[in-house]
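This is what each chain is made of:
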Amino acid sequence: MDRRDMMKGFGLGAAAGMLGLLRPARGEEAYSKATKGLPPLKITKVKAVLTAPAGIRLCVVKVETSEPGLYGLGCATFNQRPLTVAAAVNEYLDPFARGRDVDCIEDMWQNAYTSSYWRNGPVLNNGLSGLDQALWDIKGKRAGMPVYQLLGGKCRFAVDCYTHCGGNDLKQIEESVKRAMERGFRHIRIQRGGYGSPQLSKRADFKDAGFGLSSDSNMAVRPYVRGAIEMFEHIRSTCGDEVELLHDIHERIPPIEAINLCKQLEKYRPFFVEDPFAPEDNGYFKLLRQQTCVPIAMGELFNSPHEWVGLISERLIDFIRVHISQVGGLSVARKIAALGEWFNVRSAWHGPGDVSPVGHAVNAHVDLAIWNFGIQESVSFNDRTREVFPGCPTMENGYMHVNEAPGFGVGINEELAAKFPLPEDPGYWRPVRRPDGTAVRP
Ligand code: MG
């Protein structure tokens, strides 16, 4: 029964007409009421912009609207497969989204998510994130507010961040940590050389045997584990107990070795140990929890809710560390944060160099607005990046600040962006091998 039949049925047609209840309940009048007089706004174009002002392959999605000059930006950076994301955006999301209402972000997300039927992969999630975040940017601009205001307003004055310190020997790492502390950082991630400390692994038998390529990296388990423990011992004894220390195992050792390492690091009080296992080994977290209370951060490779829901709801991790564009955008991140709040799992969104300045701003807007913020990974943007993306978040005394412009506050100079094309190297994650040549994840 439609509205008119209902009125007829009740014999109230005339009375209702007099009261104005039969005026059209949909269309422009209803829209205008709901948006406080803002004009209807449609998506006219969705496109991927690829640029590499710092030599890192960035992908940003620009959503244009029927209001001339009003556009939104979202991060869709997938450094290892940027061209596939651009194709997903330009060939599929653009025709899907054109003509649709910019205001219905959640509805758009739900329908775009299932528009490929198969879902939860990194390429489509990044494209979807670009669209989703751009719509939040537009909504903020329409409202005349920074996005954190739309999410409930600030829970803190700025975003406490960690920075990266490393080196090939202990003295180098110590000096790097001391410099970061002087710059105001209270949280510092320490790594001994590259992930898994490959420089400590002396034997690369696979290279002598001509297996793989000579550029493939070599990493043995024992030198890394021993080196990581030595590093914590050295930094705690030379840099004091006040500084919070973080470390990323980066999934590179067998799960049982990672559990042993976490137990041995316990006495150095790490703020968190990151990614002890590959996502395929999520089943090991119960054993890890039984063995140690070292705080655990997990999830930068996660794409699907199946990967994080159980870890959060069973209190198996302390920090959820997803890469916001990889999980599908701000709309997903705020739900993850809300889930985490009820289990006291805090946020530690992935924030490396291969997140665009738009993505870093999105991280920060969510960080400002959620109660269960934990810590934020930070980078410093080079001058070229700041010129291509005017309005980048800024760092001061270890805190990240967003500008207070409506939306995410980050724009794009497309002409300048075009002057920094992607490097010719396709950007593969380089193979890492055990001394006998076995491939190491990731
Ligand atoms: Mg990591």
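Not measured: the values here are computed from a predicted model.

The rules behind the values
Residues numbered from 1 in each chain as written. Predicted model: local features only at pLDDT ≥ 70, side-chain atom pairs only at ≥ 80, totals over all residues. Axes fitted to C-alpha atoms, helices over the stretch in contact; angles between N-to-C directions. Helix = DSSP H or I, 4+ residues; strand = E, 2+ residues; numbered from the N terminus. Parallel < 35°, antiparallel > 145°, perpendicular 65-115°, else oblique. Left-handed = near helix turned anticlockwise from the far one by under 90°. Contact = placed C-beta atoms within 7 Å. Domains from an automatic or database assignment. Nonpolar A, V, L, I, M, F, W, Y, C, P; charged D, E, K, R; others polar. Buried ≥ 20, exposed ≤ 12 C-beta atoms within 10 Å, placed from the backbone. Pairing = 2+ DSSP bridges. Right-handed = clockwise from strand over helix to strand, strands pointing away.

1. What to know about the packing of helix α10 (residues 221-239) against helix α11 (residues 255-265)
Turning to step 1, where the next piece is worked out: α11 packs onto α10 with a crossing angle of 15 degrees between their chain directions and a minimal axis gap of 10 Å. With respect to their mutual orientation, α10 and α11 come out roughly parallel. Where α10 crosses over α11, the handedness of that crossing is right-handed. Contacts from Val221, Val225, Ala228, Ile229 and Phe232 in α10 reach Glu257, Leu261, Gln264 and Leu265 in α11.

2. A short note on the environment of Asn413
Turning to step 1, where the next piece is worked out: Turning to its location among the elements, Asn413 is positioned in the loop between β14 (399-401) and α17 (414-417).
Turning to step 2, where the next piece is worked out: Spatially, the C-alpha atom of Asn413 lies 35 Å from that of Val177, the residues being 236 residues apart in sequence.
Turning to step 3, where the next piece is worked out: Not counting residues within four places of it along the chain, the set of residues in contact with Asn413 comprises Glu387, Val388 and Pro390.

3. Brief notes about the domain arrangement of the chain
Turning to step 1, where the next piece is worked out: Examined at the domain level, the chain breaks down into domain 1 (43-146) and domain 2 (149-408).
Turning to step 2, where the next piece is worked out: When each unit is reduced to the centre of its C-alpha atoms, the spacing between domain 1 and domain 2 is 26 Å.
Turning to step 3, where the next piece is worked out: Secondary-structure elements contributing two or more residues to the side of domain 1 that touches domain 2 are β2 (58-65), β3 (71-75), α5 (105-114) and α6 (122-143).
Turning to step 4, where the next piece is worked out: No other element matches α6, which puts 14 residues into the side of domain 1 that touches domain 2.
Turning to step 5, where the next piece is worked out: Classifying every residue of the side of domain 1 that touches domain 2 by side-chain character gives 18 nonpolar, 13 polar and five charged.

4. Thoughts on unusual backbone geometry
Turning to step 1, where the next piece is worked out: That bond from Arg441 to Pro442 is cis: its omega, -10 degrees, falls within 30 degrees of zero.
Turning to step 2, where the next piece is worked out: The topology assignment puts Pro442 in the segment after β15 (432-433).
Turning to step 3, where the next piece is worked out: With a phi close to 60 degrees, Tyr117 is a non-glycine residue in the positive phi region.
Turning to step 4, where the next piece is worked out: Position of Tyr117 among the secondary structure elements: in the loop between α5 and α6.
Turning to step 5, where the next piece is worked out: Accessibility expressed as a C-beta count within 10 Å gives 5 for Tyr117, which makes it exposed.
Turning to step 6, where the next piece is worked out: Its identity is not glycine, yet Glu251 carries a phi of approximately 65 degrees, on the positive side.
Turning to step 7, where the next piece is worked out: Tracing the sequence through the fold places Glu251 in the loop between β7 (244-248) and α11.
Turning to step 8, where the next piece is worked out: Of the residues examined, Glu251 has 23 C-beta atoms within 10 Å and is grouped as buried.

5. So, the sheet that holds β3
Strand-to-strand pairing in sheets goes through backbone hydrogen bonds, with the strands running parallel or antiparallel.
Turning to step 1, where the next piece is worked out: One open sheet accounts for three strands, arranged β1-β2-β3; its pairing is antiparallel. The strands lining the two open edges of the sheet, one partner per strand, are β1 (43-51) and β3. On average, each strand axis in the sheet is inclined to that of its neighbour by 20 degrees, with strand direction left out of account.
Turning to step 2, where the next piece is worked out: Note that β1 and β2 share eight bridges and pair antiparallel. By the bridge assignment, Val46 is partnered in β2 with Val63.
Turning to step 3, where the next piece is worked out: Packed on one face of the sheet, α6 meets β1, β2 and β3 and runs near 140 degrees to β3.
Turning to step 4, where the next piece is worked out: Each of β2 and β3 is contacted by helix α15 (residues 357-369), which is oriented at about 85 degrees to β3, the strand it contacts most.

6. What to know about the environment of Gly407
Turning to step 1, where the next piece is worked out: Mapped onto the fold, Gly407 is located in the loop between β14 and α17.
Turning to step 2, where the next piece is worked out: Not counting residues up to four positions away in its chain, the partners in contact with Gly407 are Gly72, Asp137, Ile138, Gly140, Lys141 and Val147.

7. Re the environment of Arg334
Turning to step 1, where the next piece is worked out: Relative to the assigned elements, Arg334 resides in helix α14 (residues 330-341).
Turning to step 2, where the next piece is worked out: Since 18 C-beta atoms lie within 10 Å of it, Arg334 is described here as partly exposed.
Turning to step 3, where the next piece is worked out: Once the C-alpha coordinates of Arg334 and Phe232 are considered, the two residues, 102 residues apart in sequence, prove to be 34 Å apart.
Turning to step 4, where the next piece is worked out: In this structure, Arg334 is in contact with Leu151 and Val366, ignoring residues within four places of it in sequence.

8. What to know about the pairing of strand β4 (residues 159-167)
Turning to step 1, where the next piece is worked out: As paired elements, β4 and β14 share two bridges and run antiparallel to each other. Pairing of Asp160 across the sheet is with Tyr399, part of β14.
Turning to step 2, where the next piece is worked out: Pairing of β4 with strand β12 (residues 376-377) involves two bridges; the strand directions are parallel. Within the sheet, the bridge partner assigned to Tyr162 lies in β12 and is Glu377.
Turning to step 3, where the next piece is worked out: In this structure, β4 lies alongside strand β5 (residues 187-192), joined through six bridges in parallel fashion. For Cys165, the partnering residue across the bridge sits in β5 and is Ile190.
Turning to step 4, where the next piece is worked out: For the crossover that starts at β4, traverses helix α8 (residues 170-182) and ends in the parallel β5, the hand is right-handed.

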